[in-house]
Amino acid sequence: MAIPIKTICCIGAGYVGGPTMTMMASKCTDLNFTVVDINEERIASWNSNNLLELPIFEPGLQDLIAKRRNKNLFFSTNIKEAIESADIIFISVNTPTKTKGLGAGKSSDLKWVEASAREVARYSKGYTIVVEKSTLPVRTAEVIENILNSAETISKREEISFDVLSNPEFLSEGTAIKDLDNPDRVLIGGNNKDAMIALSNLYKAWVPEEKILFTNIWSSELAKLTSNAFLAQRISSINSISAICEVTGADVREVSRAIGKDSRIGSKFLNSSPGFGGSCFKKDILNLVYLAEYFGLDEVAKFWESVVDINNWHRGRITKIVIKSLFGTIAQKKIIILGFAFKANTNDTRESAAIKICKDLIDEGAELVIHDPKVSPKQIENDLEISPIPKSQKGLENTLKNKSGEWRYSKNLDIFESAHAVLILTEWEIYNNINWVSVAKKMSKPSWVFDSRSIVNAAEVKKAGINLWRIGDGT
Ligand code: NAD
Ligand code: UGA
């Protein structure tokens, strides 16, 4: 029987909830979408008249918000009202790795999912489709179902009922709008075919039917974790090969190109880097590790854990290369950090390789000047857990009094004067256009560029008289 859908609610106005509902609202203009969050500041930013103040930066997002906001797309803190009127509720809240208790360090912390499910149980009316949009451990749908059907709601049982579906999100940050507009697939896991069809009808407004996959609910949950684990595994694989390239005279770019031509391997996700970051790869692999351990599959757990281990090792490897190249010490040396986000085209720094690398360099006494076109100095300060040096104290004199180094933020790229080294950590396009000849004139000699993203023109840097280290370049 066809289930009528008019009103959609999304709990969680983050990197997934915000862009996903914005895309749906722009494709299904006859339906109403309300994105709710407990974070008032975040909702205020989503509602800001100044679109530069949206809480997340994604190319193309501002335009869509401008077109749909307050027409059929609303951002609100009134969770009760949004749930009451919703036919479909997406749960899109954060699911970070647990920091304490059972499974700490590996399993996902489901307290925000549980709180959301309780809110749905409390406020929903009639029949509601509840959709897991967050990435969740396998069998979480069971937990949600239990909460929805718990004693608390029993008194209302006659008038309310639910179906729980899994509909994981595969967007990447920085290309979220493009990914949502043209997804490789939409995955819907569930038991009730009518509910699955009702959800798929939303996507059919713009996604070709053959891209919409129906599976059982556990396969859907596991496919999301597996997808991220496979992608992260490719990066750990190529980064491990970059280390071999550097000692053997091979070049990782050439190796990537050669293996990527094999249609069984494919060319994507073979760019060597300072290590994968982002809020999900590590968390989702550790989740898989926890699941395997829980079921006594220790060898499987070890296999996947090594993907994270190599990533951690690789970040430390880059710091050591910088120190070794600068004569074994970076104390009181000015190092320019280009890029702090975990990848280009996002302001997100969660699990960014830059955090660990910058902390290590500061520990070694370096004077960092950090530039990123989208990450705020406040965010960098939160991540490094160290205050920047005040503007009045520019440079080295302060370090002479302190053992460890310091950092300051720069909004522009006029920062190369007397720098010993430049370390590129994020592949922002503006770094492609740096004039290395004029930079070389300003830097201390011998000067270095460490390019962990392979974005500079190697010949130009070398011609400018700057020493160049590139990831995986043993030539
Ligand atoms: P996020 O931290 O940016 O956003 C989550 C939001 O949920 C926050 O604003 C938080 O305040 C809100 N929230 C938490 N509990 C709430 C409650 N009880 N009621 C209302 N609001 C509540 O997280 P995100 O990056 O959007 O990720 C969300 C989920 O999607 C995670 O499970 C993640 O693994 C998954 N995911 C993320 C990405 C990505 O690119 N970031 C991609 C695919 C899947
Ligand atoms: C990743 C997945 O690509 C999405 O499909 C998934 O939905 C999302 O995680 C999630 O579940 O959160 P995201 O983390 O936003 O998306 O970005 P990616 O493009 O996957 O990059 C992740 C990290 O890998 C970045 O640090 C990036 O620089 C690095 N990377 C990526 C490489 O080092 N080399 C590559 O070739 C590709």
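Predicted, not measured: the structure shown is a model, and the values here were computed from it.

A.B. asks: Even after reading the chapter, I still don't get the environment of Pro-446, so can you show me in this structure?
C.D. replies: Mapped onto the secondary structure, Pro-446 falls in the loop between helix 17 (436-442) and strand 13 (448-451). Put simply, Pro-446 and His-420 are 26 residues apart on the chain and 7.2 Å apart in space, counted from C-alpha to C-alpha. Residue contacts for Pro-446: discarding those within four places in its chain leaves Phe-327, His-420 and Asn-467.

A.B. asks: Whenever I open this one, the pairing of strand 12 (residues 421-424) confuses me. Can you help?
C.D. replies: Taken residue by residue, a regular strand's side chains alternate between the two faces of the sheet. The alternating pattern of strand 12 places Ala-421 and Leu-423 on one face and Val-422 and Ile-424 on the opposite face, and all of these are buried. Where strand 9 (residues 334-338) lies against strand 12, 4 bridges are found, and the strand directions are parallel. Opposite Ile-336, over in strand 12, you have Val-422 as the bridge partner. When strand 12 meets strand 13, the two strands line up parallel, connected through 4 bridges. Looking at the pairing, Ala-421 lines up with Trp-448 of strand 13.

A.B. asks: Sorry if this is basic, but what is going on with the site of ligand 1 here?
C.D. replies: For ligand 1, the set of nearby residues contains 28 residues, the closest of which are Asp-37, Arg-42, Thr-95, Glu-173 and Lys-283. The separation between an oxygen atom of ligand 1 and a polar side-chain atom of Asp-37 is 2.6 Å. Between Asn-94 and ligand 1, the recorded distance is 3.5 Å, taken from a side-chain N or O atom to an oxygen atom. With the chains in place, 93% of the 830 Å² that ligand 1 exposes on its own is no longer accessible. A total of 4 residues in the shell around ligand 1 trace back to one element, the largest contributor, which is helix 5 (residues 111-123). Of the residues contributing to the shell around ligand 1, the split by class is 10 nonpolar, 10 polar and 8 charged.

A.B. asks: Help me out: how do you make sense of the nonpolar core in this one?
C.D. replies: In globular proteins that are soluble, nonpolar side chains generally tend to be buried together. Among the nonpolar cores identified, the biggest contains 55 residues, and Ile-335, Leu-368, Leu-423 and Trp-436 are the most heavily contacted of them. Here this core gets 7 residues from one element, more than from any other, and that element is helix 14 (residues 353-363). Setting aside residues no more than four positions away along its own chain, Trp-436 makes contact with Val-422, Ile-424, Val-449, Val-456, Glu-460, Val-461, Ala-464 and Ile-466. Judged by nonpolar contacts, the second largest core, of 43 residues, contains Met-24, Leu-64, Ile-129 and Leu-199.

A.B. asks: Would you mind going over the site of ligand 2 with me for this structure?
C.D. replies: In the vicinity of ligand 2 lie 20 residues, with Leu-171, Glu-173, Ser-273, Cys-280 and Arg-453 positioned nearest. Between ligand 2 and Phe-342 there is a distance of 2.8 Å, counted from an oxygen atom to a backbone nitrogen or oxygen. The separation between an oxygen atom of ligand 2 and a polar side-chain atom of Lys-343 is 2.8 Å. The fraction of the free accessible surface of ligand 2 (700 Å²) that becomes covered by protein chains is 90%. Top contributing element to the shell around ligand 2 by residue count: helix 10 (residues 217-248), with 4 residues.

A.B. asks: I keep staring at the packing of aromatic side chains and nothing clicks. Help me out?
C.D. replies: Aromatic ring pairs: the centre-centre distance and the angle between the two ring planes describe each pair. Going through the model one piece at a time under the given rule, you end up with 10 aromatic pairs. A ring pair is formed by Trp-46 and Phe-75, whose centres lie 4.8 Å apart and whose planes are at 0 degrees; its orientation type is stacked. One end of the pair, Trp-46, is in helix 2 (residues 40-46); the other, Phe-75, is in strand 3 (residues 73-76), and 29 residues separate them in sequence. Exposure remark for Phe-75: the relative accessible area of 6% places this residue in the buried category. Here Phe-450 and Trp-469 contribute two aromatic rings whose centre-to-centre distance is 6.4 Å and whose plane-to-plane angle is 45 degrees, an arrangement assigned as tilted. Taken together, the residues span a long stretch of sequence, with Phe-450 in strand 13 and Trp-469 in strand 14 (residues 467-470) at a distance of 19 residues. Comparing Phe-450 with Trp-469, the two get one shared label, buried.

A.B. asks: I would appreciate a short explanation of the pattern of salt bridges in the present structure.
C.D. replies: Two side chains with opposite charge may pair up if their charged atoms get near one another. Per the counting criterion, the structure on display carries 22 salt bridges. Between Lys-356 and Asp-360 there is a salt bridge, with the nearest N and O atoms lying 2.7 Å from each other. Of this pair, Lys-356 and Asp-360 both sit in helix 14, 4 residues apart, which is roughly one turn of the helix. What emerges from the salt-bridge pattern is a single network uniting Asp-251, Arg-253, Arg-470 and Asp-473.

A.B. asks: So what exactly am I meant to see when it comes to a nonpolar patch on the surface here?
C.D. replies: Together, Tyr-294, Phe-295, Leu-297 and Val-300 make up a nonpolar patch on the protein surface, roughly 440 Å² of accessible area in all. Tracing the backbone shows Leu-297 in the loop between helix 12 (281-294) and helix 13 (298-325).

Conventions adopted
- Residues numbered from 1 in each chain as written.
- Chains lettered and ligands numbered in written order.
- Predicted model: local features only at pLDDT ≥ 70, side-chain atom pairs only at ≥ 80, totals over all residues.
- Heavy atoms only, no water.
- Helix = DSSP H or I, 4+ residues; strand = E, 2+ residues; numbered from the N terminus.
- Contact = heavy atoms within 4.5 Å.
- Buried < 20%, exposed > 50% of the residue type's maximum accessible area, 1.4 Å probe, protein only.
- Pairing = 2+ DSSP bridges.
- Near = heavy atom within 4 Å.
- Polar contact = N/O pair within 3.5 Å; in protein donor to acceptor, adjacent residues only side chain to side chain.
- Areas by Shrake-Rupley, 256 points an atom, 1.4 Å probe, with all protein chains shown as cover.
- Nonpolar A, V, L, I, M, F, W, Y, C, P; charged D, E, K, R; others polar.
- Core = buried A, V, L, I, M, F, W, Y, C linked by side-chain atoms within 4.5 Å.
- Phe/Tyr/Trp six-rings, centres within 6.5 Å; stacked < 30°, edge-to-face > 60°.
- Salt bridge = Lys/Arg side-chain N within 4 Å of Asp/Glu carboxyl O.
- Patch = residues over 30% accessible without salt bridge, like charges linked within 9 Å, V, L, I, M, F, W, Y side chains within 5 Å.

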